[in-house]
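Secondary and tertiary structure notes
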Amino acid sequence: MATKHEQILQYIDELPIGEKISVRQIAKALNVSEGTAYRAIKEAENKGYVSTIERVGTIRIERKKKENIEKLTFAEVVNIVDGQVLGGRAGLHKTLNKFVIGAMKLEAMMRYTGAGNLLIVGNRDNAHELALKAGAAVLVTGGFDALDHVKKLADELQLPIISSSYDSFTVATMINRAIYDQLIKKEIILVEDILTPVGETVFLKANDTVSDWYRHKDETLHSRFPVVDHNMKVIGMITSKDVMGHEQDTLIEKIMTKNPMTVSGLTSVASSAHMMVWEGIEVLPVVDDGNKLQGIVSRQDVLKALQMVQRQPQVGETLDDTVTSQMVLTKGKTKDADSFRCQVTPQMTNHIGTISYGVFTTIVTEAANRVLRGYKKGDLVVENMTIYFIKPVQIDSVIEIYPKVLEVGRKFGKVDIEVFNEDVLVGKAMMMCQLIDRH
């Protein structure tokens, strides 16, 4: 049986796109308390298929697909620009495919404006009307209003007309920033993108026996399976190690490993990889908020996905990307050691104009990563790190980073890193890392 919370989420998901939603209406329709309804609406909003707009209310919007993540709905635009909806509320769930800044003559503006666009323009009433007739929504900047007949036209055509107190440039920057943030999120692969779904997952029930385990093992050629109760909640994991030495009729629940580690669909693949390496786990059950089995993810799936990400062209840049892209390989003082050079740009500094601690940590970690890749293909997880900040490093300085591998084994590495500025030692780090193999 689904919980009330799950039932509400399913109910919201099945509502038509564009439908208005209220706490009271859901509480009444599903016979739940208003508090329960409110919590479910908030979660639907976090998951991206509901949007709440001031003075309009909450509406059902389209769920984001990975490949469509750089598109925004008009409802999202309203929230990004702190806007007010003047008309065409029924079209807030629609997606815009591009925005046009109306800073030109009317005829030229209309040449660029088409169906599904968003025209960003000031108090030019003719432009508002013509854009709506061309199938585009309108964002009026500078806090201006629109004419009554234009608002009426927006309602008829179900195309939003939105007013924002910001100017056109600021509004365009805000929308661009939101798309950019989504592109960065797009690159972060989540477990839900790669899991083997529950319909294709082989699992055992608590009252199954060792003979059932052998049967599944012969069918799948795998030996690790999640164990669920009668509500499909994960209660254990069973592997060949647990089964060894037990009779065929022994109940699985008696010998399984209880309270296994699990992940949710929204856990990042990188984080799952760390867990698996850390704990020596080959398979992780994927569960929902109620601990119900949603599928499984194997170490192989995770490593394949991490390799795939590294081959993707990077679209949105994170702060780490910005910092590490400044690092250039140079030959070290000794022939067999690589060193790196990096210029301290304004983004890398703190409020007093010296390199920030976070950036310094990123630089030494990246240097260790690059030097260890020469020994082993794969990624590293920092287990512990000791950093000594010896001298502050000013903006626009060039620093030289010398990583030295002290020890490297099958699963770990120890690296000593020295950082110089104009031949003066400015910082040191000692790092112990776990190595994630790529096989």
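See above for the structure.
This text gives an overview of the structure that appears in the document. Given the structure is predicted, the values throughout are model-derived calculations rather than measurements.

1. Observations concerning the sheet that holds strand 12 (residues 204-205)
Strand order in this open sheet of 4 strands is 12-13-14-15, and the pairing throughout is mixed. At either margin of the open sheet sits one strand with a lone partner, and together these are strand 12 and strand 15 (257-258). As paired elements, strand 14 (residues 234-238) and strand 15 share 2 bridges and run antiparallel to each other. Paired with M237 across the two strands is T257, which belongs to strand 15. Sitting on the sheet, helix 10 (residues 210-220) touches strand 12, strand 13 (225-228) and strand 14, and the angle it makes with strand 13 is about 140°.

2. Considerations on the nonpolar core
Core analysis: the largest hydrophobic core is formed by 28 residues, its most contacted members being I363, I399, I401, I417 and V419. Among the secondary structure elements, those contributing two or more residues to this core are strand 20 (338-343), helix 16 (357-373), strand 22 (398-408), strand 23 (412-421) and strand 24 (424-437). Looking at which element gives the most residues to this core, the answer is helix 16, with 8 residues. When neighbours within four sequence positions are excluded, V419 is seen to be in contact with F360, V364, I399, E400, I401, V424, L425, V426 and G427. Counting 21 residues, the second largest nonpolar core, distinct from the first, contains F74, L118, I120 and L139.

3. Quick look at the pattern of salt bridges
One pass over the structure, following the stated rule, counts 14 salt bridges. Note that R24 is salt-bridged to E34, the shortest N-O span being 3.8 Å. With R24 in helix 2 (residues 23-30) and E34 in helix 3 (residues 34-46), this pair connects stretches of sequence that are 10 residues apart. A relative accessible area of 63% means that R24 is categorised as exposed. Between E400 and R341 there is a salt bridge, with the nearest N and O atoms lying 3.0 Å from each other. Linking E400 in strand 22 with R341 in strand 20, this pair joins segments that are 59 residues apart in sequence. Where salt bridges share partners, they join D145, D148 and K151 into one cluster.

4. Structural notes on the packing of helix 2 against helix 3
When two helices pack together, you describe them by how their axes are tilted relative to each other and by the distance separating the axes. Their axes nearest at 8 Å, the elements helix 2 and helix 3 cross at an angle of 115°. The interaxial crossing formed by helix 2 with helix 3 has right-handed handedness. Contacts between helix 2 and helix 3 involve V23, R24, I26 and A27 on the former and, on the latter, E34, A37, Y38 and I41. Of the residues belonging to the contact of helix 2 with helix 3, the class tally is 6 nonpolar, no polar and 2 charged.

5. Describing the packing of helix 6 (residues 125-133) against helix 7 (residues 148-157)
Following both chains from N to C, one finds helix 6 and helix 7 inclined at 15°, their axes separated by 10 Å at the closest point. Taken together, the axis directions place helix 6 and helix 7 in an arrangement best described as roughly parallel. Taken as a pair, helix 6 and helix 7 cross one another with a handedness that is left-handed. Facing D125, H128, E129, L132 and K133 of helix 6, the residues of helix 7 in contact are H149, V150, L153, A154 and L157.

6. A few points about the side chain of T345
Along the chain, the position of T345 falls in the loop between strand 20 and helix 16. Looking at T345, the relative accessible area reads 14%, which means it is buried. For T345, the residues in contact, after removing those within four places along its chain, are Q326 and I395.

7. Examining the sheet that holds strand 16 (residues 263-264)
Strand order in the open sheet made by the 4 strands is 11-18-17-16, with mixed pairing throughout. Each edge of the sheet is formed by a strand with only one pairing partner; in this case those strands are strand 11 (196-197) and strand 16. Alignment of strand 16 against strand 17 (residues 283-287), held across 2 bridges, turns out to be parallel. Each residue of the ladder has a partner; that of S264, found in strand 17, is V287. Strands in contact with helix 13 (residues 269-279) are strand 16, strand 17 and strand 18 (293-298); relative to strand 17, the strand with the most contacts, it is inclined by about 135°.

So, how was this worked out
- Residues numbered from 1 in each chain as written.
- Predicted model: local features only at pLDDT ≥ 70, side-chain atom pairs only at ≥ 80, totals over all residues.
- Heavy atoms only, no water.
- Pairing = 2+ DSSP bridges.
- Helix = DSSP H or I, 4+ residues; strand = E, 2+ residues; numbered from the N terminus.
- Contact = heavy atoms within 4.5 Å.
- Axes fitted to C-alpha atoms, helices over the stretch in contact; angles between N-to-C directions.
- Core = buried A, V, L, I, M, F, W, Y, C linked by side-chain atoms within 4.5 Å.
- Buried < 20%, exposed > 50% of the residue type's maximum accessible area, 1.4 Å probe, protein only.
- Salt bridge = Lys/Arg side-chain N within 4 Å of Asp/Glu carboxyl O.
- Left-handed = near helix turned anticlockwise from the far one by under 90°.
- Nonpolar A, V, L, I, M, F, W, Y, C, P; charged D, E, K, R; others polar.
- Parallel < 35°, antiparallel > 145°, perpendicular 65-115°, else oblique.

So, to be careful, I would describe these as geometric facts and stop short of saying anything about function.
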